[in-house]
Structure formats: C-alpha cells, structure tokens
Amino acid sequence: MEDCLAKKMEITVSEAEKRTGRNAMNIQETYTAYLIETRAVESQSEGHCAPVESLWRRYSEFELLRNYLSVTYPHIVVPPLPEKRADFVWHKLSADNMDPDFVERRRIGLENFLLRVASHPVLCQDKIFYAFLMQEGGWKEMVNETGFQLKADSRLKALNATFRVKNPDKRFTELKHYSDELQSVISHLLRVRARVADRLYGVYKVHGNYGRVFSEWSAIEKEMGDGLQSAGHHMDVYAASIDDILEEEEHYADQLKEYLFYAEALRAVCRKHELMQYDLEMAAQDLTSKKQQCEELATGTVRTFSLKGMTSKLFGQESPEQREAKIKVLEEQIQEGEEQLKSKNLEGRDFVKSAWADIERFKEQKNHDLKEALISYAVMQISMCKKGIQVWTNAKECFSKM
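None of these values were measured; they are calculated from a predicted model.

Rules behind the numbers
- Residues numbered from 1 in each chain as written.
- Predicted model: local features only at pLDDT ≥ 70, side-chain atom pairs only at ≥ 80, totals over all residues.
- Heavy atoms only, no water.
- 1 Å grid on protein atoms, 1.4 Å probe; cavity = no way out; pocket = protein on both sides within 12 Å on 5 of 7 lines; lining within 4 Å.
- Points joined across faces, edges and corners; volume = space filled by probe spheres on them.
- Helix = DSSP H or I, 4+ residues; strand = E, 2+ residues; numbered from the N terminus.
- Nonpolar A, V, L, I, M, F, W, Y, C, P; charged D, E, K, R; others polar.
- Domains from an automatic or database assignment.
- Expected span 1.5 Å × (residues − 1).
- Buried < 20%, exposed > 50% of the residue type's maximum accessible area, 1.4 Å probe, protein only.
- Pairing = 2+ DSSP bridges.
- Axes fitted to C-alpha atoms, helices over the stretch in contact; angles between N-to-C directions.
- Contact = heavy atoms within 4.5 Å.

Caption draft 1: Expanded view of the layout of surface pockets. Taken as a whole, the largest pocket holds about 980 Å³ of empty space. Taken together, 30 residues make up the lining of the largest pocket; nearest its centre are Arg66, Ser70, Glu264, Ala268 and Arg271. At the level of elements, helix H2 (59-72), helix H7 (155-164) and helix H10 (242-299) are the ones that each hand at least two residues to the lining of the largest pocket. The element contributing the most residues to the lining of the largest pocket is H10, with eight residues. Residues of the lining of the largest pocket, tallied by class, amount to 16 nonpolar, four polar and ten charged. Two domains each put at least three residues into the lining of the largest pocket: domain 1 (1-161) and domain 2 (168-300 + 319-401).

So this is what it looks like as structure tokens:
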C-alpha cells in the first residue's frame, strides 16, 4: 500500500458543471461534466507546493474506465461507480439526475471511486487509469486500442457456464450467495430508511403548525403573548431544519449504496471463475473424447455408439494407411489438448489465488466502512432526537415565564 497512487498524488473531483452539446448521433443533449484535479505530493522542501493539474470528464467516461478495469482485472472486486440516477430516495428529494443536490452527491461518489482505485495495490498501477487522471485528449482512443471489449465475456456464455459447471468451487458459490443476500439486505435497509425519512419529514413540518398556532394565539393573549410567540419561534426553526438534515442523511445512504453496487462487483468475480471452470471442464471432456477415439482406432474396437462407427460397418472399414493418418492427427491434437488443459489449470489456480486475496482485502474494507457508516447514521439520529428535546425544553421555559 506504500506504493499506491493515493499516497503519491492528491485526487479530487472539485466541481460539477452542466453542459450542452451533441452526441455521437448528432443529437443535442444536456450532460454534467466533472472537474478532476490532481497534485503530486511533494516532500523535497518545506513550503514547496506542486502545481495542480486539471481536466474535465463526463460520467460516461468514468463508466468506460470502470468497464475497462473490470475486463482487464477480472480477479479484482473493482470499486463501483455512484448511481447514474437517484434510487431509494425519500419522496421530497428529486430523483432528477440534473438536480443540483443529486449532482453534488454524485460528484462526491465519483471522487470516492477514483480514490478507491488509486488506493488499490493493483489497479493504481494501471497506465490507462493514470492517463484518465492526466490526459484529457485522446484518452478514449487509448482505451479502445487496448481491445478490452474483445476480451469481455458475453452474458449468454456466462449464463451457460452457471448452469453447466459440474464441479463449482464451494467458496465462490457461497460468495455469490452472500453477495445476493448483501444486496437484498441493503436494498431493504435503504427502503426502510426512505420510509423513516418521509415520516420524520412529516413530524418536523407539523411542528411548523405549532409555530403558526402559537403565533396566532399570542396575538389575543396580553400576558401570555411573549411566551407563546417565543415558543412558536422555536417550533418554526425546528420545522425548517429538516430539509438540511435529510439532505445530509442522503450522504450516509450513499455510503450504503456503494456496497449495494459492490455486491454486483463480487458476483462479477464469481461469474468469471465459473467461466474459467466451465472452459476447463470442456477442455478436459474434449481431451477424454479424443483419447477414446485414438484408442478405438488403434484397437479397432468401438466402445460407444456413433454415426461414424455405424457408417464404417455399413460401407466398409478404413484402410490401415487412413487409420494411421487419423491416429497421427489425433495424437497431435491430444498433445495440444494436454498442454491447453495444463495451461488452463495453472491459469485457474492463479485466478483463485489472486481473486481470494483481493476478496479478503475487500472484506476487511467492507467491515470497516459499513461499521463507520452505521455509527455515523446512529450519531446523526441521536443528534436529531437531542434537537427535538432541546426545542421542547426551550418551549417549556417559554411557557414557564408566562
């Protein structure tokens, strides 16, 4: 971790700017661009500060970067991007992806994504990632030249592997089930939080009615008027504070959402392992089949029914020369198949070793982050409750002075 990019460079997404332009289809569109600022951490002399480098990136470019990382490093739990459109929001907040509050939260999420990648012991060393931070022009062409799209596994192939692997690794099967359960639990938690936020919003706003009633009441009470007016003022301030409080709470929700999306990153690693295991099993099956064919040709016996064997019986046997030629071809294919199988076995073992090391790193990070997020959320709820108690304590003092 001492060599990671995050230790050598300060990375921030400092601004978000609404822009208008034309897309690849020459259609007018409105989008948000984000200003990435980087500065090398200098330690040569006191007072010396390295210059700030800056460039603008669209959300779609962040998506391209993450897709590249996911394909290039299939054994790594690649950090997720923040949501493109708001989900699990309480109804008073806008779900519009151009809403300033949502754009601000997404700006923070994009910065967090870059810091996650820059802190990763493997991803931080990637040249394409470094170019993303430092090179505005020609970056997309550089990514496409890597040909990473050709390496991407098709969904159909991945689905086929899921159902046809005969000997799945128990650890990855359990991890896939865990990621499903994690996603389900966090989704439910976010839905509950949104409902609680709605009710809390209602409770706070109803206190505004107290303020209005106390204010109206104070107008007809000479001796009690000042106390009622003061109590009403406390209620009005309390009612108005909920908007900022619940906007702040959305930042805690975003921390949970990050791990909602991390669940898919975990499943991606599991799917890749299934594909590798499926390829290994298919290669082993093909090798066994070729060895059997070679043995049948060499001995002149057919162990299993085949159309070719039936044709030979009907139209006569092959000549010794033909049989020898076929045996020679099969022996070459068998030798090649054994080398491929050995290579796939080594590749599979390396993948499992690397993937499991990264999964253990991810688990440690997850436990720390979720603990911190839940504690922060609890502290915020306690603070809100204390604020409510203080409002009614103040109101009580106002009533006592009447």
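Caption draft 2: Inspection of helix H3 (residues 100-119) at higher detail. Taking 1.5 Å of rise per residue, 20 residues should cover 28 Å, and H3 covers 29 Å from first to last C-alpha, within 8% of that figure. For H3, the complete set of buried residues consists of Phe102, Val103, Arg105, Arg106, Arg107, Gly109, Leu110, Phe113, Leu114, Arg116, Val117 and Ala118.

Caption draft 3: Region of interest: the sheet that holds strand E1 (residues 9-22). What the three strands build is an open sheet, ordered E1-E2-E3; its pairing is antiparallel. If you trace the sheet from one side to the other, it starts and ends with E1 and strand E3 (53-58), each paired once. On average, each strand axis in the sheet is inclined to that of its neighbour by 25°, with strand direction left out of account. In the packing of H2 onto the sheet, the strands contacted are strand E2 (28-40) and E3, and the crossing angle to E3 comes to about 90°. Against the sheet, helix H4 (residues 127-134) makes contact with E1, E2 and E3, and its axis sits at roughly 105° relative to E3, the strand it touches most.

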